[in-house]
Amino acid sequence: MECNDKNNQADAQMVAAFQNGDVGIFDQLVLKYQDIVYSLCYRFMGEAEEADDLAQETFVKVFRSLKKFRREAAFSTWLYQIAANTCKSRLGSLAFRFRKKLVRIEALKTEADLAQDIPRFELPDPRPGPAQALEENERDAIVQKAINRLPPDQKTVIILSDIEGLAYDEIVKITGFKLGTVKSKIARARSQLAIMLKGKIYA
Amino acid sequence: MPENFNRQNPEEEIKNLLSSLKAKPAPKDFLETVHARLEKRSILQNIIAALFLPLNVKLPLELAGAVATLIFMIFIFNSVTPQIVNVPQPKLPKLLAAKAPAQPKIKAAPILAAAMSPKPNASPVDQPIEIALVLTDEDQIQSEGELAEEKGAPPSNLATISTAKTAAGTVSISDKQALSISSQIQNLVNLVGGKVNSIESNTGNQPPAINAEIPADKFELFLKELKKLGKVNSSAQYISLPNTKIVKIKILLPQ
């Protein structure tokens, strides 16, 4: 908690400096939060290219709105809010959904592989490498695929809660849902993931 | 794969599984790409973003503003534009449409007025044109009041008047008739866009007269209408000068 408060104070100082005209301070904010935002976007979209594009878009929006930021909430909360909304908008866009439909049609041929109990994202690597790392990558890919199949609201709350490790009250501020709604959506998402990952992560 | 996966509480394990996922690092040139993106946005994009984003808020507001402006402009236009109302021309009283005399009509042909004008040095347009109105026996001019009176009048009055007409070629008229003629002539002057300057009463030597001014382009029309009242004699001839706008006339009424 102390760490959080210190972090928030540091952010508030940087924001104040930016609003007073020090535009260069924006680079520091980007460097501080780029991994978090990128990772969040990746978990939302499931692919690196989209995640890169949306992470950039998030920081562009932050830059354009930072002058008007009233500092009522913590900067990190506001940043998460922008990132989550940007990703949700993209997920809901017609172009993205159409593209995903095409990819799904192409991927139908691999369903047979799944039926034969072969992991879908098995990455054969001819080069010798740590088996553990390979195993982690495979597991990551399988889990990400399951997360992609969640409904948008459940996906949002499960990513913010279990992957990003945010507290419930922060998730409430970011999403605008009520506390009870956040908890129920998290529980529902977990049970869905458990069903989807059965037989892939565990027997 | 985690071998000690807790099947009794899968949700808890899912939570642990998700929290164990490694964070994805941003590309190394992420900051540069963000800067490039910031600079790339054109002025037009900024304008469009400012005007239209968010769509669900700004578009309805702008539409409402456009509609309100349109209504306001229509209101202003209707207030400023004078309404053109077609005013029907007042009809001349029945009496003015009386039969024209059978005598040959005198045309107001434009001829040189210098030979006819009483003041050779004076400009023709300065002198009023004298027009004498003479009633003949074929003219039946009656005021509205007299119509009712003469209905019951004894035939002998009409015969006396008729005799007098035959003898002199003109008819003597009563005061009421004179008043009626005078008012009709005044109406006629007003109808052609002129104005009556003065009315001279009967002084014994001089007949009653109406001094008026009428637009030069309406003079012929005025004469034409006046002839419906009776015979018209003019002392001077009207000449149409290019710059003449107003013509002074003096209409000598029948005594």
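All figures in this text were calculated on a predicted structure; none of them were measured in a lab. (Residues numbered from 1 in each chain as written. Chains lettered and ligands numbered in written order. Predicted model: local features only at pLDDT ≥ 70, side-chain atom pairs only at ≥ 80, totals over all residues. Heavy atoms only, no water.)

(A) Highlighting the overall build of chain A. The helix and strand inventory of chain A stands at 10 helices and 0 strands. Going from the N terminus to the C terminus, chain A shows its helices and strands as α-α-α-α-α-α-α-α-α-α. The proportion of buried residues among the 203 residues of chain A is 42%. As displayed, chain A has an accessible area near 11200 Å², and 53% of this comes from carbon and sulfur atoms. (Helix = DSSP H or I, 4+ residues; strand = E, 2+ residues; numbered from the N terminus. Buried < 20%, exposed > 50% of the residue type's maximum accessible area, 1.4 Å probe, protein only. Areas by Shrake-Rupley, 256 points an atom, 1.4 Å probe, with all protein chains shown as cover.)

(B) Broad picture of helix α8 (residues 152-163) of chain A. Residues and elements named next belong to chain A. Along its 12 residues, α8 runs 15 Å from first to last C-alpha, staying within 8% of the 16 Å computed at 1.5 Å per residue. For α8, a buried count of 10 out of 12 residues is recorded, marking the element as mostly surrounded by other parts of the structure. All buried positions along α8 are accounted for by Q154, K155, T156, V157, I158, I159, L160, S161, D162 and I163. Backbone geometry just downstream of α8 places G165 in the positive-phi region, at approximately 75 degrees. (Expected span 1.5 Å × (residues − 1).)

(C) Local environment of the pattern of salt bridges. This model, assessed by the stated rule, comprises 12 salt bridges over all chains. Between D153 of chain A and K185 of chain A there is a salt bridge, with its nearest N and O atoms 3.8 Å apart. Of this pair, D153 of chain A sits in helix α8 while K185 of chain A sits in helix α10 (residues 179-197), and the two are 32 residues apart along the sequence. Salt bridges linked by common partners bring E50, D53, E57 and R90 of chain A together with R37 of chain B together as one network. (Salt bridge = Lys/Arg side-chain N within 4 Å of Asp/Glu carboxyl O.)

(D) Fine view of the confidence of the model for chain B. Residue and element names in this part refer to chain B. Summary statistics for chain B give a mean pLDDT of 73 and a share of 61% for residues scoring 70 or more. pLDDT under 50 marks residues 141-151. Its contacts with residues more than four places away, or in other chains, come to 18 contacts. Model confidence for the complex is summarised by a pTM of 0.50, with the ipTM given as 0.78. (pLDDT = per-residue confidence, 0-100. Contact = heavy atoms within 4.5 Å.)

(E) Looking closely at the interface of chain B and chain A. Of the residues lining the interface, 28 residues belong to chain B; the matching set on chain A comes to 38 residues. Roughly 3200 Å² is buried in total at the junction of chain B and chain A, and carbon and sulfur atoms are behind 65% of that figure. Viewed at the interface, chain A and chain B are joined by 3 salt bridges. The interface formed by chain B and chain A includes 10 residue pairs in polar contact (both at pLDDT 80 or more). Counting residues per element, the ones that place at least two in the side of chain B that touches chain A are α1 (10-19) and α2 (30-40) of chain B. A class-by-class count of the residues in the side of chain B that touches chain A yields 16 nonpolar, 5 polar and 7 charged. (Buried area = accessible area lost by both parts, 1.4 Å probe. Polar contact = N/O pair within 3.5 Å; in protein donor to acceptor, adjacent residues only side chain to side chain. Nonpolar A, V, L, I, M, F, W, Y, C, P; charged D, E, K, R; others polar.)

(F) Spatial organisation of helix α4 (residues 75-92) of chain A. Between its first and last C-alpha atoms α4 of chain A spans 26 Å; for 18 residues at 1.5 Å apiece the expected length is 26 Å, and the two agree. Of all the residues in α4 of chain A, the buried ones are F75, S76, T77, W78, L79, Y80, I82, A83, A84, T86, C87 and L91 of chain A.

(G) How the structure looks around the side chain of Q154 of chain A. Residues and elements named next belong to chain A. One can find Q154 in helix α8. You can call Q154 buried: its relative accessible area is 12%. Look past the residues within four positions of Q154 in its chain and what remains in contact with it is K185, R188, A189 and Q192.

(H) Broad picture of the sheet that holds strand β2 (residues 195-200) of chain B. Residues and elements named next belong to chain B. If you trace the 5 strands from one edge of the open sheet to the other, you get β2-β3-β5-β1-β4, paired in mixed fashion. Of all strands in the sheet, those bounded by a partner on one side alone are β2 and β4 (231-234). Pairs of neighbouring strands in the sheet enclose a mean axial angle of 25 degrees, with direction left out of account. Sheet topology places strand β3 (residues 209-215) next to strand β5 (residues 246-252); 7 bridges connect them, and they run antiparallel. Among the inter-strand pairings, I214 is bridged to a residue of β5, identified as V247. (Pairing = 2+ DSSP bridges. Axes fitted to C-alpha atoms, helices over the stretch in contact; angles between N-to-C directions.)

(I) Geometry of the packing of α8 of chain A against α1 of chain B. Contact geometry for α8 of chain A and α1 of chain B: axes closest at 8 Å, N-to-C directions at 75 degrees. Considering the angle they form, α8 of chain A stands roughly perpendicular to α1 of chain B. Residue-level contacts link I158, D162 and I163 of chain A of α8 of chain A to K15, L18 and S19 of chain B of α1 of chain B. Partitioned by chemical class, the residues of the contact of α8 of chain A with α1 of chain B number 3 nonpolar, 1 polar and 2 charged. (Parallel < 35°, antiparallel > 145°, perpendicular 65-115°, else oblique.)

(J) Expanded view of the nonpolar core. The biggest cluster of nonpolar side chains holds 62 residues, and the ones touching the most others in it are F59, F75 and L193 of chain A together with L18 of chain B. For this core, the leading source of residues is helix α2 (residues 25-45) of chain A, giving 12 residues. The contact partners of L18 of chain B, leaving out residues within four places of it in the chain, are V143, I147, I158, D162, I163 and L193 of chain A. Counting residues in each nonpolar core, the second largest holds 23 residues, with L135, L226, L229 and L253 of chain B among its members. (Core = buried A, V, L, I, M, F, W, Y, C linked by side-chain atoms within 4.5 Å.)

(K) Here's a closer look at the pairing of strand β1 (residues 129-134) of chain B. Residue and element names in this part refer to chain B. As paired elements, β1 and β5 share 4 bridges and run parallel to each other. Bridge assignment links I129 to a residue of β5, and that residue is I249. Sheet topology places β1 next to β4; 4 bridges connect them, and they run antiparallel. Note that in β4 the partner of L133 across the bridge is V232.

(L) Main features of the packing of α2 of chain A against α2 of chain B. Between α2 of chain A and α2 of chain B, whose axes approach to 10 Å, the crossing angle comes to 130 degrees. Taken together, the axes of α2 of chain A and α2 of chain B lie oblique to each other. When the axes of α2 of chain A and α2 of chain B are compared, the crossing they make is right-handed. Contacts between α2 of chain A and α2 of chain B involve F26, D27, V30, L31 and Q34 of chain A on the former and, on the latter, F30, L31, V34, H35 and L38 of chain B. When its residues are assigned to classes, the contact of α2 of chain A with α2 of chain B shows 7 nonpolar, 2 polar and 1 charged. (Left-handed = near helix turned anticlockwise from the far one by under 90°.)

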